[in-house]
Amino acid sequence: EIVMTQSPATLSVSPGERVTLSCRASQSIGDSLAWHQHKPGQAPRLLIYDASLRATGVPARFRGSGSGTQFTLTISGLQSEDFAIYYCQHYKKWPESFGQGTRLDIK
Amino acid sequence: EERLVQSGAAVRKPGNSLKISCATSGFSLTGYWVGWVRQRPGKDLEWVAFIYPRDSDVRYSPSFRSHVTLSVDRATDGATAFLQWNTLEASDTGIYYCARRKGSSWSGLIDLWGLGTQVIVSS
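The model shown is predicted, which means the values in this text are computed figures rather than measured ones.

Looking at the sheet that holds strand β7 (residues 69-75) of chain B
Residues and elements named next belong to chain B. A sheet is described by the order of its strands in space; here four strands give the open sequence β1-β3-β8-β7, paired in antiparallel fashion. In this open sheet, the two edge strands, each paired with only one partner strand, are β1 (3-6) and β7. On average, each strand axis in the sheet is tilted by 20° relative to the strand beside it, whichever way the strands run. Bridging between strand β3 (residues 18-25) and strand β8 (residues 78-85) involves six bridges; their strand directions are antiparallel. Its bridge partner lying in β8, alanine 23 is registered against threonine 80.

Rendered as structure tokens:
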């Protein structure tokens, strides 16, 4: 099974800042990587797929990049609604595993 | 609007049975699998199983294969998927998110999630 590792576990940032979240795969997954956003009390939401493509309705301040084993999610100009937990997930092959998540907190 | 509507929270004792549901609405089932992703307290998200509503083809994660059963009822305007336990264990406690998965049986992308069903198994 492919193991996904995210860092850091928690980030404390101020609105308006830019942040970069990292995700590493234990073996190459090409660009079969998604990022999901999860806010308390809400359904998780697909943000990025194929490593860099934004899902429908996702603002341009969210940018995904990377391929192979190293991936990043960059959020520019953080808005109050962006404070959430972000999970990376590969879908290279079954079973499709998730990272442990990065929590974005308001500083 | 495309939605996955899940059944409400459940509290059971170890050894009890349970069946939770996820109803699809607002989209065609063609090309989509529906299944569950579990999150135990303080643990990672993990796939449980998914099913192709068109033909009821099911894939189980190895960790869950002999412990749960996934089934589906199709309707004219969608489907309802069910996740069933015959014998619950305390370790089944967690939130079970219904997820729509686009792709094949060996590789697929989750592009829609439900709100989650909290399952508590405690004596």
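Structure shown, so let's carry the discussion forward.
A look at the pattern of salt bridges
According to the stated counting rule, one finds eight salt bridges over all chains in the structure shown. B:Arg101 serves as the salt-bridge partner of A:Glu96, at 2.4 Å between the closest nitrogen and oxygen. With one member in each of two chains, A:Glu96 in the loop between β9 (85-90) and β10 (102-106) and B:Arg101 in strand β9 (residues 94-103) form a pair that bridges those chains. When sorted by exposure, A:Glu96 lands in the same class as B:Arg101, which is buried. A salt bridge links B:Arg38 to B:Glu46; its shortest N-O distance comes to 2.7 Å. On the basis of relative accessible area, B:Glu46 is assigned to the partly exposed category, the value being 23%. Three or more residues are tied together by salt bridges with common partners; here these are A:Arg61, A:Glu81 and A:Asp82.

Observations regarding the interface of chain B and chain A
Contacts between the two partners involve 22 residues from chain B and, on the opposite side, 19 residues from chain A. Summed over both partners, the interface of chain B with chain A comes to about 1,700 Å²; 64% of that surface belongs to carbon and sulfur atoms. Looking at the side of chain B facing chain A, the largest losses of area belong to B:Leu45, B:Leu109 and B:Trp113, adding up to 33% of the total buried there. Taken together, the links from chain B to chain A amount to one salt bridge. If you look at where chain B meets chain A, you find seven residue pairs in polar contact (both at pLDDT 80 or more). Looking at the side of chain B that touches chain A, the elements with two or more residues in it are β4 (32-39), β5 (45-52), β6 (57-60), β9 and β10 (108-113) of chain B. Take the side of chain B that touches chain A: its biggest share by element is five residues, from β10(B).

Examining the state of the cysteines
Residue and element names in this part refer to chain A. Counted by the stated rule, this structure contains two disulfides over all chains. Across the disulfide from cysteine 23 sits cysteine 88; the S-S distance is 2.1 Å. Since a negative S-S torsion denotes a left-handed disulfide, the cysteine 23-cysteine 88 link at about 75° is right-handed. With cysteine 23 in strand β3 (residues 19-25) and cysteine 88 in strand β9, the pair connects residues that are 65 residues apart, well separated along the chain.

Definitions and limits used
Residues numbered from 1 in each chain as written. Chains lettered and ligands numbered in written order. Predicted model: local features only at pLDDT ≥ 70, side-chain atom pairs only at ≥ 80, totals over all residues. Heavy atoms only, no water. Pairing = 2+ DSSP bridges. Helix = DSSP H or I, 4+ residues; strand = E, 2+ residues; numbered from the N terminus. Axes fitted to C-alpha atoms, helices over the stretch in contact; angles between N-to-C directions. Salt bridge = Lys/Arg side-chain N within 4 Å of Asp/Glu carboxyl O. Buried < 20%, exposed > 50% of the residue type's maximum accessible area, 1.4 Å probe, protein only. Contact = heavy atoms within 4.5 Å. Buried area = accessible area lost by both parts, 1.4 Å probe. Polar contact = N/O pair within 3.5 Å; in protein donor to acceptor, adjacent residues only side chain to side chain. Disulfide = S-S within 2.5 Å.

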